[in-house]
Amino acid sequence: EPEVTQTPSHQVTQMGQEVILRCVPISNHLYFYWYRQILGQKVEFLVSFYNNEISEKSEIFDDQFSVERPDGSNFTLKIRSTKLEDSAMYFCASRMAPGQGMNYGYTFGSGTRLTVV
Amino acid sequence: AQSVSQHNHHVILSEAASLELGCNYSYGGTVNLFWYVQYPGQHLQLLLKYFSGDPLVKGIKGFEAEFIKSKFSFNLRKPSVQWSDTAEYFCAVIKGKLIFGQGTELSVKP
């Protein structure tokens, strides 16, 4: 079964450093997402990406965050200057676009646990 | 505010007990509903989904959920839980994007 792959599985970084979280979505999917889950809290939407541009972003996704699909297969989330409160599990997800089938189900990666110290 | 609400934060059951986890949503119109499970240390996995048709949907691992439109609910059920069902369960709605409830932690005692 196709998978969404995320690397690294765990990253520790110092406050103020830049981090890049990487995701390889399922190859025939067209919508890509980043979500995060702070320990003990619910899964929160960060950003959606379609046709090489951001289609929607949440209030959390401020100027410190950016996303990119640099080479047609990877989908990255960059945090420019990390803060302690950025510590969370970050999930990448992808799905087929409507019209490709009735499956609106998202496929999630296994997540990257980011720890900012 | 529009939201997805899960009533129980933490549920503790013994093996073989029956399970029902509540989920209510406040979005109008057509909704697509999901239940995801997150086992300890693992990623989110789809348990089941509802788009249309029979409001009683069956998912993996013996789980089912019932969509009751008049109650804006999509409760998850399993007749007899196992220790391996210990996980966090998330109800979710698609309204442009996937929106999650707060999650319910299920602990099953052997």
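Please refer to the structure placed before this passage.
As a starting point, this report considers the structure included with it. (Residues numbered from 1 in each chain as written. Chains lettered and ligands numbered in written order. Predicted model: local features only at pLDDT ≥ 70, side-chain atom pairs only at ≥ 80, totals over all residues. Heavy atoms only, no water.)

Before going further, it helps to examine the overall build of chain A. Counting secondary structure elements, chain A contains zero helices and eleven strands. Sequence-ordered secondary structure for chain A, helices as α and strands as β, is β-β-β-β-β-β-β-β-β-β-β. Against the globule reference of 13 Å for 117 residues, chain A gives a C-alpha radius of gyration of 14 Å, in line with a compact fold. The proportion of buried residues among the 117 residues of chain A is 44%. A fraction of 55% describes how many contacts in chain A between residues 6 or more apart in sequence connect residues 24 or more apart. With the model as given, the accessible surface of chain A reaches about 6000 Å², and the carbon-plus-sulfur share is 46%. (Helix = DSSP H or I, 4+ residues; strand = E, 2+ residues; numbered from the N terminus. Rg over C-alpha atoms; globule rule 2.2 N^0.38 Å. Buried < 20%, exposed > 50% of the residue type's maximum accessible area, 1.4 Å probe, protein only. Contact = heavy atoms within 4.5 Å. Areas by Shrake-Rupley, 256 points an atom, 1.4 Å probe, with all protein chains shown as cover.)

Let's shift gears to the pairing of strand E6 (residues 44-50) of chain B. Residues and elements named next belong to chain B. One ladder, built from six bridges, connects strand E5 (residues 32-38) with E6; its direction is antiparallel. Bridged to Tyr36 within E6 is Leu46. In textbook terms, the turn of a hairpin is the stretch between consecutive antiparallel strands, and for E5 and E6 this stretch comprises five residues, one of which, Gly41, has a positive phi near 75°. (Pairing = 2+ DSSP bridges.)

This paragraph deals with the pattern of salt bridges. All names here are of chain B. Counting across every chain of the model gives six salt bridges over all chains. Across the pair Arg77 and Glu64 runs a salt bridge whose closest N-O atoms are separated by 3.5 Å. Pair noted here: Arg77 is in strand E9 (residues 73-78) and Glu64 is in strand E8 (residues 64-68), with a separation of 13 residues, a long-range link. Residue Arg77 is classed as partly exposed on the basis of its relative accessible area, which comes to 22%. (Salt bridge = Lys/Arg side-chain N within 4 Å of Asp/Glu carboxyl O.)

Next up on the list: the pairing of strand E8 (residues 75-79) of chain A. Residue and element names in this part refer to chain A. The element E8 is largely enclosed, with a buried count of four among its five residues. Of the pairings in the sheet, the one linking strand E3 (residues 19-24) to E8 comprises five bridges and is antiparallel in character. Residue Val19 lies in a different strand from E8, and its bridge partner there is Ile79. When strand E7 (residues 65-68) meets E8, the two strands line up antiparallel, connected through four bridges. In the sheet register, Phe65 faces E8, and the bridge partner there is Ile79. Between E7 and E8, which pair antiparallel and follow one another directly, the connecting turn spans six residues, one of which, Gly72, has a positive phi of 85°.

So, about the nonpolar core. Core analysis: the largest hydrophobic core is formed by 30 residues, its most contacted members being B:Leu33, B:Trp35, B:Leu47, B:Leu48, B:Phe74, B:Leu76 and B:Tyr89. Every element with two or more residues in this core is listed here: strand E2 (10-14), strand E3 (19-21), E5, E6, E8, E9, strand E10 (87-95) and strand E12 (104-109) of chain B. What B:Leu76 contacts, discounting residues up to four positions off in sequence, is B:Leu19, B:Glu20, B:Leu21, B:Trp35, B:Leu47, B:Leu48, B:Phe63, B:Glu64, B:Ala65 and B:Tyr89. In this structure, A:Cys23, A:Phe32, A:Trp34 and A:Ile38 belong to the second largest nonpolar core, which totals 22 residues. (Core = buried A, V, L, I, M, F, W, Y, C linked by side-chain atoms within 4.5 Å.)

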